[in-house]
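Structural overview
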Amino acid sequence: MRHPKTAISALCGIGLAFATAFSAAPAAAGTGSAVPTGTGTATSYAAYDGSKAESAGNKAFFKAVLKSVAEKRAANPDALAVTVVYNAANAPRFAGQIASSASIWNSAVSNVKLRSGSSADFNYYEGNDPRGSYASTDGHGRGYVFLDYRQNQQYNSTRVTAHETGHVLGLPDHYSGPCSELMSGGGPGTSCQNAQPNAAERARVNALWANGLAAALAKVS
């Protein structure tokens, strides 16, 4: 999530901003494991402009998750719900928010479920980064969510995590939306406490993941 209004407020924003060139992802602080490096895609808050590159980045991350899920679940093509496995080991300070985020989404949608596990489709990381929290790909067909310490102190931390997890499930940013819209991210400001997707967001995720693994396979073919 990010706040696109001004460069100053954007520096405190929350979310995902993609650019065409970025050399490396940030290192997770105090976890003993680095965030994947390679062709990263996030850029600074100040450079956020709601660009086509950002939208393309959202789709690339979603596609990476779908591909991972499809590869692991090909043996069970008739599954009614797709299980997306996440690993939160590298974001211990946010264990509670990540668990809450998974619970929020699992209660909100029926065609896809989030489950913690070691054989993960995507990973969470934590640390300090001037770009804030974002979802990205590691350049090797996998995805990850980075949670920034400072912005999680400024904004409702569960909202931040649930918002970034929304990208995992295929939702784009919509910063001009109201607080009741989870994917409006930092747009409504730091007073916004809502961490729940609204009805339209729930319906969109269910539609994206309709028909279980068959839909995932179709999307990455």
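None of these values were measured; they are calculated from a predicted model.

Details of the pattern of salt bridges
Counted according to the given criterion, the structure contains one salt bridge. Across the pair R93 and E126 runs a salt bridge whose closest N-O atoms are separated by 3.8 Å. Here E126 lies in strand 3 (residues 122-127) and R93 lies in the loop between strand 1 (82-90) and helix 3 (95-108), a separation of 33 residues in the sequence. With a relative accessible area of 59%, R93 lands in the exposed category. A relative accessible area of 2% places E126 in the buried class.

A word on the state of the cysteines
Counted according to the given criterion, the structure contains one disulfide. With its sulfur 2.0 Å from that of its partner, C179 forms a disulfide with C192. The sign of the 85 degrees torsion about the S-S bond sets the C179-C192 disulfide as right-handed. You can see C179 sitting in the loop between helix 5 (157-168) and helix 6 (199-208) and its partner C192 sitting in the loop between helix 5 and helix 6, a full 13 residues away along the chain. Given a relative accessible area of 27%, C179 falls into the partly exposed group. Judged by relative accessible area, which is 4%, C192 ranks as buried.

Considering the nonpolar core
One finds V84, W105, F122 and W209 to be the most contacted residues of the largest nonpolar core, which totals 34 residues. Mapped onto this core, the elements with two or more residues apiece are helix 2 (52-73), strand 1, helix 3, strand 2 (112-116), strand 3, strand 5 (143-148), helix 5 and helix 6. With five residues, the top contributor of residues to this core is helix 2.

Describing the confidence of the model for the protein chain
Counting all residues, the mean pLDDT for the protein chain is 75, and 63% of those residues have values of 70 or more. Looking across the protein chain, the model is least confident in helix 1 (residues 7-10), with a mean pLDDT of 29, and most confident in helix 3, with 98. Note on residues 3-33: pLDDT is under 50 here. Beyond four places in sequence and across chains, it has 106 contacts. Predicted confidence is poor over residues 36-50, with pLDDT under 50, and the contacts of this stretch with residues over four places away or in other chains come to 53 contacts.

Focus: the pairing of strand 4 (residues 134-137)
Residues Y134 and S136 line one face of strand 4 and the alternating positions A135 and T137 line the opposite face, and both faces are buried. With four bridges connecting them, strand 4 and strand 5 associate as antiparallel partners. Across the sheet, the residue bridging to S136 is Y144, located in strand 5.

Quick word on the packing of aromatic side chains
For the structure on display, the rule yields eight aromatic pairs. Each ring, one from F94 and one from Y149, has its centre 6.1 Å from the other, and the planes form 15 degrees; the classification is stacked. On the criterion of sequence distance, the pair formed by F94 in the loop between strand 1 and helix 3 and Y149 in helix 4 (residues 149-154) is long-range, its members being 55 residues apart. Residue classification places Y149 among the buried residues on the basis of a relative accessible area of 10%. Following the ring pairs from residue to residue traces out a cluster consisting of Y125, Y134, Y144 and F146. For the cation-ring pair, R93 lies above Y149, with the distance from its terminal atom to the ring centre recorded as 4.4 Å.

So, helix 5
One turn of the α-helix equals 3.6 residues, which is why residues spaced by three or four share an orientation. In this model, helix 5 (12 residues) spans 17 Å end to end at C-alpha, consistent with the 16 Å of a helix rising 1.5 Å per residue. Counting buried positions along helix 5 yields 11 of 12 residues, so the element is predominantly enclosed. Listing the buried residues of helix 5 in full gives S157, R159, V160, T161, A162, H163, E164, T165, G166, H167 and V168. Residue N156 occupies the N-cap position of helix 5, its side-chain oxygen lying 3.1 Å from the main-chain nitrogen of T158. Where helix 5 ends, the next residue or the one after it, G170, has phi of about 110 degrees, a positive value.

Concerning the environment of N152
Following the sequence through the fold, N152 ends up in helix 4. Put simply, N152 and F94 are 58 residues apart on the chain and 9.4 Å apart in space, counted from C-alpha to C-alpha. Within the structure, the side chain of N152 is placed 2.7 Å from the side chain of S157, a separation counted as a polar contact.

About the criteria used
Residues numbered from 1 in each chain as written. Predicted model: local features only at pLDDT ≥ 70, side-chain atom pairs only at ≥ 80, totals over all residues. Heavy atoms only, no water. Salt bridge = Lys/Arg side-chain N within 4 Å of Asp/Glu carboxyl O. Helix = DSSP H or I, 4+ residues; strand = E, 2+ residues; numbered from the N terminus. Buried < 20%, exposed > 50% of the residue type's maximum accessible area, 1.4 Å probe, protein only. Disulfide = S-S within 2.5 Å. Core = buried A, V, L, I, M, F, W, Y, C linked by side-chain atoms within 4.5 Å. pLDDT = per-residue confidence, 0-100. Contact = heavy atoms within 4.5 Å. Pairing = 2+ DSSP bridges. Phe/Tyr/Trp six-rings, centres within 6.5 Å; stacked < 30°, edge-to-face > 60°. Lys NZ or Arg CZ within 6 Å of the ring centre and 35° of its normal. Expected span 1.5 Å × (residues − 1). Polar contact = N/O pair within 3.5 Å; in protein donor to acceptor, adjacent residues only side chain to side chain.

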